[in-house]
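# Structural characterization, general
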Amino acid sequence: MINITIDGPSGAGKSTVARAVAKKLGYIYLDTGAIYRALAYTALNAGVDVTDGKRVSEYIAAVDADVRYEGGEQRVFSGGIDVTEHIRAHRISKAASDISKHTEVRIKLSEIQRKIAAANNAVLDGRDAGTYVLPNAKYKFFLTADIGERARRRYAELALKGAEITIERVLKDIEARDYNDTNRDFAPLRQALDAEYIDSTGKSAEEVAEYIVGKVEN
Ligand code: DC
């Protein structure tokens, strides 16, 4: 199977680009962040403090996350419940980042990703897809953008959904997530040595997707 990994920080445009690349190539799109979000969502609902390693490790031992495809669209499950429609709220972004730093969580969710990647031509977007989950992926990219632009993109997305939030708050939260994701001990956000670096500042997602497809087709 052919796997393409697209890693990078929050708001770099990974999901839009990865979805477009998958569509153009006829691959499946695996949004790995959605699995962390699904787990974070049910953990919060169960009253679990997602920063507490002991509580999180008890929780992850008892609850399974899962990914299924329906009509080519990814659905994410946690504890057997389809939570796909509930995971995009702003509070879940921070909770997903917090829960993702626990090693047991990363090991368990990485196994799910590897199984899907082994069975399908797939485009994965995430933080450690090229470094830890699939170190042997055929094509690897590291997608980033200027932090001001990342905050503006995320703010526009949230505003469209009617979220009441300021751009300053979004910027602060992105900085906090960057810090969290880059500084965790196990499988932190990092460019794989063999990944191609792409700066999407001032570029449309379509442009970046075309570029990646061009690389894969040649
Ligand atoms: O890509 P996203 O914003 O939906 O991801 C939400 C959080 O989940 C992100 O801040 C860190 C975590 N995450 C991770 O640790 N590893 C991944 N492969 C994907 C997401």
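Refer to the structure presented above.
Before going into details, it helps to say that this report is about the structure given with it.

Analysis parameters
- Residues numbered from 1 in each chain as written.
- Predicted model: local features only at pLDDT ≥ 70, side-chain atom pairs only at ≥ 80, totals over all residues.
- Heavy atoms only, no water.
- Helix = DSSP H or I, 4+ residues; strand = E, 2+ residues; numbered from the N terminus.
- Rg over C-alpha atoms; globule rule 2.2 N^0.38 Å.
- Buried < 20%, exposed > 50% of the residue type's maximum accessible area, 1.4 Å probe, protein only.
- Contact = heavy atoms within 4.5 Å.
- Areas by Shrake-Rupley, 256 points an atom, 1.4 Å probe, with all protein chains shown as cover.
- Salt bridge = Lys/Arg side-chain N within 4 Å of Asp/Glu carboxyl O.
- Pairing = 2+ DSSP bridges.
- Expected span 1.5 Å × (residues − 1).
- Phe/Tyr/Trp six-rings, centres within 6.5 Å; stacked < 30°, edge-to-face > 60°.
- Axes fitted to C-alpha atoms, helices over the stretch in contact; angles between N-to-C directions.
- Parallel < 35°, antiparallel > 145°, perpendicular 65-115°, else oblique.
- Left-handed = near helix turned anticlockwise from the far one by under 90°.
- Nonpolar A, V, L, I, M, F, W, Y, C, P; charged D, E, K, R; others polar.
- Polar contact = N/O pair within 3.5 Å; in protein donor to acceptor, adjacent residues only side chain to side chain.

Turning our attention to the overall build of the chain. Across its full length, the chain carries 9 helices and 8 strands. At 16 Å, the chain has a C-alpha radius of gyration in line with the 17 Å of a compact globule built from 218 residues. Out of the 218 residues belonging to the chain, those deemed buried represent 51%. Pairs at least 24 apart in sequence give 74% of the contacts found in the chain among residues at least 6 apart. As displayed, the chain has an accessible area near 10,400 Å², and 52% of this comes from carbon and sulfur atoms.

On inspection of all chains with the given rule, the structure shows 22 salt bridges. A salt bridge links Asp181 to Arg127; its shortest N-O distance comes to 3.3 Å. With Asp181 in helix α8 (residues 167–183) and Arg127 in the loop between β6 (122–126) and α6 (129–133), the pair connects residues that are 54 residues apart, well separated along the chain. Taken together, the shared-partner salt bridges connect Lys24, Glu206 and Glu210 into one network.

This paragraph deals with the sheet that holds strand β5 (residues 81–82). Ordered by their spatial adjacency, 3 strands build an open sheet running β3-β4-β5, and the pairing between neighbours is antiparallel. The sheet is open, and its two borders are formed by β3 (65–70) and β5, each paired with just one other strand. Both β3 and strand β4 (residues 73–78) contribute to a ladder of 6 bridges, which runs antiparallel. Bridging across to β4, Val67 finds its partner in Val76.

The terminal C-alpha atoms of helix α1 (residues 14–25), which comprises 12 residues, lie 16 Å apart, in line with the 16 Å expected from a rise of 1.5 Å per residue. Residues of α1 that are buried include every one of Lys14, Val17, Ala18, Ala20, Val21, Ala22 and Leu25, and no others. Those residues of α1 that are buried are in contact with β1 (3–7), β2 (28–31), β6, β7 (139–144) and α9 (205–217). Once α1 finishes, Gly26 follows within two positions and takes phi at roughly 75°, a positive value.

Moving on, we come to the packing of aromatic side chains. Considering all chains together, one arrives at 2 aromatic pairs under this definition. Summarising the aromatic geometry, the rings of Tyr132 and Phe186 are spaced 5.1 Å apart at their centres and angled 70° between planes, so their arrangement reads as edge-to-face. With Tyr132 in helix α6 and Phe186 in the loop between α8 and β8 (196–199), the pair connects residues that are 54 residues apart, well separated along the chain. Look at Phe142 and Tyr197: their rings are 6.3 Å apart centre to centre, the planes differ by 15°, and that puts the pair in the stacked class. Taken together, the positions of Phe142 in strand β7 and Tyr197 in strand β8 put the pair 55 residues apart, joining distant regions of the chain. Accessibility expressed as a relative area gives 46% for Tyr197, which makes it partly exposed.

Orientation of α1 relative to α9, taken along the N-to-C sense of each, is 45°, at an axis distance of 9 Å. In terms of orientation, α1 lies oblique with respect to α9. Here the hand of the crossing between α1 and α9 comes out right-handed. Residues Thr16, Val17, Ala20, Val21, Lys24 and Leu25 of α1 pack against Ala205, Glu206, Val208, Ala209, Glu210, Ile212, Val213, Val216 and Glu217 of α9. Looking at side-chain class alone, the contact of α1 with α9 contains 10 nonpolar, 1 polar and 4 charged residues.

Quick look at the environment of Ser10 now. Topologically, Ser10 is positioned in the loop between β1 and α1. With 200 residues separating them along the chain, Ser10 and Glu210 place their C-alpha atoms 21 Å apart. Contact partners of Ser10, with chain neighbours within four places excluded, come to Arg127, Arg150, Ile174, Arg177, Asp178 and Asp181. Side chain to side chain, Ser10 and Arg127 meet in a polar contact 3.1 Å long. Within the local environment of Ser10, its side chain forms a polar contact with the side chain of Arg177, the two groups lying 3.3 Å apart.

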